[in-house]
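Here is how the chains run, residue by residue.
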Amino acid sequence: MRFKRFIFRSVLLAVTLPLLTACNPIHGRTEAYSKSFFAMDTYMTFTVYDDNAEDARAALACAQEEIDALEALIAVTDAQSDIYAVNHGGGQPVAIQERTAELLSFALRMAQETGGALEPTLYPVLSAWGFTTDENRIPPGDQIDGLLESVGYDRVQVTDDGVTMADGMMLDLGSVGKGYAGDRAEQILREKGIDSAVLDIGGNIQAVGTKPDGSDWKLGLRSPFGEGIFGTLQIADKAVVTSGNYERYFIGEDGVRYGHILDPKTGYPVDNGLASVTVIAKEGKVCDALSTALFVMGLENAVRYWRSRQEEQPFDMILVTEEKEVYVTEEIKDRFNLMKEYSSMPVHQIALSE
Ligand code: ADP
Ligand code: MG
């Protein structure tokens, strides 16, 4: 069985970052300061723009500290983490930290809002496929059916006493953790006086404010069909998160490609004609939850969901189909441009009314 996994999982590349490192910074002039590190199973690069080198580096260190602390709370395999404790609670209530509770409650709410397309208790099925250990296999159908009995976000109880789940159920916040990490990092940086930054969280981008000159950031959207970027997106003060089955997948002995995002209704990898879903919104956690959920829903249901949410929780999206067509919500249309090599891709606009 061949397994393919890229260590650098960048879906989006910030393509117009000027000066990634600052040598001999002159006080009073805005320079770029970067910090790269490995956390949450991916590479992160935070770049902040500031006129004081010491302040910038101190802010970067605090942001990284926050990410490490968050990872320690939610890592499924870390025996010290909150999530590990809940997963081994044997049906008893388990007390968790405030930040874990905030993220868990958010994930459960999004699971409900997306009709279970986002499923934070899918871990036993993901494990059976080997997506949690990179030792991939195609589980027998009856094993998947059996494991699906331990899946159900609506059977997780969060009360003042802690979190309670039936024995055998397992939580995994992997589909929202990196988005939330972006929100936390942004908050820390802002508290430290940074108001212009780009956070690359394993390909998810959190753009803080604008570029130092007040203009938009220009991001490259990675093509789901190969190397390189297929389009660019100009944004300010937004998170941009992509989900797809083209980065983490394996080819089974049957020659079929199996991706790491599963349809919680069947327990099998999503195969609905979508190649990727990019979500653009203020909060990283919302983008992360929705990119996974909309990828599960498929084109039609994703568009329906988008229309139903525009009053309460507005967001934008860019959907790419396996047929190489692009669907873009109307607000973002003028901010999105295809690269020359991809200019033959049809771009459809998604409007509020049908
Ligand atoms: P990534 O983390 O690869 O950038 P996502 O945010 O889309 O991408 O999260 C996918 C991860 O979430 C998978 O690696 C898997 O651990 C888990 N997962 C897969 N399918 C689902 C699902 N339907 N609901 C919730 N989590 C899922
Ligand atoms: Mg996600």
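These figures come from a predicted structure and were not determined experimentally. (Residues numbered from 1 in each chain as written. Chains lettered and ligands numbered in written order. Predicted model: local features only at pLDDT ≥ 70, side-chain atom pairs only at ≥ 80, totals over all residues. Heavy atoms only, no water.)

Participant: Any chance you could explain the coordination of the magnesium ion (ligand 2) here in plain terms?
Facilitator: Geometry reference: four tetrahedral donors at a metal, ideal angle 109.5 degrees. Six octahedral donors, ideal angles 90 or 180 degrees. Those donors, Ser 175 (O), Asp 288 (O), Asp 288 (OD) and Thr 292 (OG1), are the protein atoms that reach the magnesium ion (ligand 2), and they lie 2.1 to 2.5 Å from it. Site description for the magnesium ion (ligand 2): donor spacing in sequence, S-x112-D-x3-T. Within this pair, whereas Ser 175 is found in helix α6 (residues 174-191), its partner Asp 288 is found in helix α7 (residues 284-297), the two being separated by 113 residues in sequence. Overall, the relative accessible area of 22% leaves Ser 175 in the partly exposed class. (Donors = N, O, S within 2.8 Å, 3.2 Å for Na, K, Ca; no water. Helix = DSSP H or I, 4+ residues; strand = E, 2+ residues; numbered from the N terminus. Buried < 20%, exposed > 50% of the residue type's maximum accessible area, 1.4 Å probe, protein only.)

Participant: I'm lost on the environment of Gly 90 in this one. Help?
Facilitator: By the secondary structure assignment, Gly 90 is in the loop between α2 (82-87) and α3 (98-113). For the pair formed by Gly 90 and Met 165, sequence separation is 75 residues and the distance between their alpha carbons is 7.9 Å.

Participant: I'm lost on the packing of aromatic side chains in this one. Help?
Facilitator: The relation between two aromatic rings is expressed through the spacing of the ring centres and the mutual angle of the planes. Counted under the stated rule, the structure contains 12 aromatic pairs. Here the aromatic rings of Tyr 305 and Phe 315 are separated by 6.2 Å at their centres, their planes lie at 40°, and the arrangement is tilted. One end of the pair, Tyr 305, is in helix α8 (residues 299-309); the other, Phe 315, is in the loop between α8 and β17 (316-321), and 10 residues separate them in sequence. Assigned by exposure class, Tyr 305 and Phe 315 land together as buried. By way of ring pairs, the aromatic residues Trp 129, Phe 131, Phe 250, Tyr 258 and Tyr 268 are connected into one cluster. Of note, Arg 257 hangs over the ring of Tyr 249, and the distance from its end group to the ring centre comes to 4.2 Å. The side chain of Lys 285 reaches across the aromatic face of Phe 106, ending 4.9 Å from its centre. (Phe/Tyr/Trp six-rings, centres within 6.5 Å; stacked < 30°, edge-to-face > 60°. Lys NZ or Arg CZ within 6 Å of the ring centre and 35° of its normal.)

Participant: So what exactly am I meant to see when it comes to the sheet that holds strand β8 (residues 204-208) here?
Facilitator: Whether parallel or antiparallel, the strands of a sheet pair through hydrogen bonds between backbone atoms. Strand order in this open sheet of 9 strands is β3-β4-β7-β8-β11-β16-β17-β18-β20, and the pairing throughout is mixed. Pairing within the sheet leaves two strands with one partner each, and these edge strands are β3 (31-39) and β20 (347-350). Pairs of neighbouring strands in the sheet enclose a mean axial angle of 15°, with direction left out of account. Bridge analysis of strand β18 (residues 326-329) against β20 gives 4 bridges, and the strand direction is parallel. Bridge pairing links Val 328 to Gln 349 in β20. Together, β4 (42-50), β7 (197-201) and β8 form the strand contacts of α6, whose direction differs from that of β8 by roughly 25°. Packing against the sheet, α8 makes contact with β16 (274-281), β17, β18 and β20, and its axis sits at approximately 170° to β17. (Pairing = 2+ DSSP bridges. Axes fitted to C-alpha atoms, helices over the stretch in contact; angles between N-to-C directions. Contact = heavy atoms within 4.5 Å.)

Participant: What exactly am I supposed to notice about the environment of Gly 226 here?
Facilitator: Looking at the secondary structure, you find Gly 226 in the loop between β9 (217-222) and β10 (229-235). Counting along the chain gives 21 residues from Gly 226 to Glu 247, while the straight-line C-alpha distance between them is 9.9 Å.

Participant: Honestly, the packing of helix α1 (residues 53-74) against α6 in this entry has me stumped. Any pointers?
Facilitator: Geometry of a packed helix pair, given as the angle between the helix axes and the separation of the axes. At a closest axis distance of 9 Å, the pairing of α1 and α6 adopts a crossing angle of 145°. In the packing of α1 onto α6, the handedness of the crossing is right-handed. Side by side, α1 and α6 meet where Ala 59, Leu 60, Cys 62, Ala 63, Glu 66, Ile 67, Leu 70 and Ile 74 of the first sit next to Gly 177, Tyr 180, Ala 181, Arg 184, Ala 185, Ile 188 and Leu 189 of the second. Considering only residue class, the contact of α1 with α6 consists of 12 nonpolar, 1 polar and 2 charged. (Left-handed = near helix turned anticlockwise from the far one by under 90°. Nonpolar A, V, L, I, M, F, W, Y, C, P; charged D, E, K, R; others polar.)

Participant: Honestly, α1 in this entry has me stumped. Any pointers?
Facilitator: Owing to its 3.6 residues per turn, the α-helix brings residues three or four apart onto one side. For α1, built from 22 residues, the straight-helix expectation of 32 Å at 1.5 Å per residue is met to within 8% by its first-to-last C-alpha distance of 32 Å. Buried residues along α1 sit against β3, β4, α2, α3 and α6. Where α1 starts, the residue carrying a side-chain oxygen 2.9 Å from the main-chain nitrogen of Glu 54 turns out to be Asn 52. (Expected span 1.5 Å × (residues − 1). Polar contact = N/O pair within 3.5 Å; in protein donor to acceptor, adjacent residues only side chain to side chain.)

Participant: Could you clarify how one ought to interpret the pattern of salt bridges in this entry?
Facilitator: Pairing of side chains with opposite charge becomes possible as their charged atoms draw close. Evaluated as defined, the whole model comprises 14 salt bridges. In this structure, Arg 335 and Asp 216 form a salt bridge, with 3.1 Å as the shortest nitrogen-oxygen distance. Pair noted here: Arg 335 is in the loop between β18 and β19 (336-338) and Asp 216 is in the loop between β8 and β9, with a separation of 119 residues, a long-range link. (Salt bridge = Lys/Arg side-chain N within 4 Å of Asp/Glu carboxyl O.)

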